[in-house]
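Summary of the model geometry
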Amino acid sequence: MGEKTTVVIVEDNPDLRRVTNDYLKTQEELDVIGCACDGNRGLELVRTLNPDVVLLDLIMPNCDGFTFLETLAKCETPKPEIIVTSAIGQEDFIRRAIDLGARYYMVKPYDMDVLVRRIHDMMMDKRAWSGHKSIQVAASRSLDERITSIFLMIGIPAHIKGYVYLREAVKMVIANKDVINRITKELYPGIAEL
């Protein structure tokens, strides 16, 4: 068993904060090391605890998620991976959060299992880029994980409509490169079968 991924939850809704905390604590590879109800307290936790991952709500009192991200960018402390969680799914909010350093943007309500997968994806990517073992790590990941990682790097969040179809289209082209030349006759009908 490897080192646990440390998580800080910054969420103003006490019920969601508690539910998320309780669920993540059932995951033996994750360690929730702090919770905050606003961005100011969240920044304090990041500075003192140096977590691997921060789950960040956008709409909070005192210091919202955008201010949190802007302030964190100016800090000298190591930067955690950020997953923004918000009830607002507008494109301009998503783009701004990603531009300010968020790796994922998840619209509430979100599936806890998907949240855990996103944390694993981020940490796998981080470890892959951090050393010479990256080729072995990347090779051991599934095709779905590698496609998800590429989509994330180019700014395609997993919650957009049609995400599953886009991923399946990429898999079809990887399996048979000639399909790209027959988009309307094979690729589109293949996706429609899903």
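Figured I'd write up the structure that's included with this text.

Scoring rules and cut-offs
- Per-chain numbering applies: the sequence of each chain, read as written, is numbered from 1 onward.
- Note on the predicted model: pLDDT of at least 70 is required for a residue's local features to be given, and 80 or more for side-chain atom pairs to be given and counted; whole-chain, interface and lining totals, by contrast, use all residues.
- For side-chain calculations, the full set of non-hydrogen atoms in the structure is used, while hydrogens and water are omitted.
- By definition, any uninterrupted DSSP run of H or I lasting at least four residues is a helix, any uninterrupted run of E lasting at least two residues is a strand, and each is numbered from the N terminus.
- Note on classification: 1.4 Å probe, protein chains only; a residue is buried when its accessible area is under 20% of the maximum for its type, exposed when over 50%, partly exposed between these limits.
- Contact definition: two residues touch when any of their heavy atoms are within 4.5 Å.
- N or O atoms within 3.5 Å of each other form a polar contact, as long as, within protein, one can give a hydrogen and the other can take it, and as long as residues adjacent in sequence are counted only when both atoms are side-chain atoms.
- Taken from the helix axis, the directions to the C-beta atoms give the arc we talk about.
- We define the nonpolar core as a collection of buried residues of types Ala, Val, Leu, Ile, Met, Phe, Trp, Tyr and Cys that are connected through side-chain atoms lying within 4.5 Å of one another.
- In this scheme, strands are said to pair when DSSP sees at least two bridges between them.
- Helix axes are fitted to C-alpha atoms over the stretch in contact, other axes to C-alpha atoms as well, and angles between N-to-C directions run from 0 to 180 degrees.

A few words on the overall build of the protein chain. From N to C terminus, the protein chain includes nine helices and five strands. Ordered by position from the N terminus, the helices and strands of the protein chain form the series β-α-β-α-β-α-β-α-β-α-α-α-α-α. Evaluated residue by residue, the protein chain yields a buried proportion of 41% over its 194 residues. Here the contacts in the protein chain between residues at least 6 apart in sequence split such that 59% fall between residues at least 24 apart.

A word on the side chain of serine 86. With respect to the helices, strands and loops of the structure, serine 86 is situated in strand E4 (residues 81-86). A residue is classified by how much of its surface remains accessible, and serine 86, at 1% relative accessible area, is buried. Engagement of the side chain of serine 86 in a polar contact is seen with the backbone nitrogen of isoleucine 88, the distance being 3.0 Å.

Another aspect to go through is helix H3 (residues 65-74). In an α-helix, one turn spans 3.6 residues, which is why side chains three or four residues apart end up on the same side. Listed as buried for H3 are Gly65, Phe66, Phe68, Leu69 and Leu72. Across the axial projection of H3, the buried residues extend over an arc of 160 degrees, all falling on one side. Against the buried residues of H3 lie strand E1 (5-10), helix H2 (39-49), strand E3 (53-57), E4 and helix H4 (91-99). One side-chain oxygen at the N-terminal end of H3 lies 3.2 Å from the backbone nitrogen of phenylalanine 66; it belongs to aspartate 64.

Moving on, we come to the nonpolar core. Val10, Val54, Leu56, Phe68, Ile82 and Val84 are the most contacted members of the largest nonpolar core, which totals 21 residues. Sorting the residues of this core by element identifies E1, H2, E3, H3, E4 and H4 as the ones contributing at least two each. Examining the composition of this core, we find that four residues originate from one element, H3, more than from any other. Excluding anything up to four places from it in sequence, valine 84 contacts Leu56, Leu58, Leu69, Ala97, Ala102, Tyr104, Tyr105 and Met106. With 20 residues, the next largest nonpolar core counts Leu55, Tyr104, Val114 and Ile119 among its residues.

With parallel pairing, five strands are arranged side by side in an open sheet as E2-E1-E3-E4-E5. The sheet terminates laterally at strand E2 (30-36) and strand E5 (104-107), the two strands that pair on one side only. Taken over all neighbouring pairs, the strand axes of this sheet differ in orientation by 20 degrees on average, direction set aside. Sheet strands touched by helix H1 (residues 14-25): E1, E2 and E3. Its angle to E2, the strand with the most contacts, is close to 165 degrees. This element, H3, spans E1, E3 and E4 of the sheet and lies at about 145 degrees to E3.

Interpretation in functional terms is not warranted from these geometric data alone.
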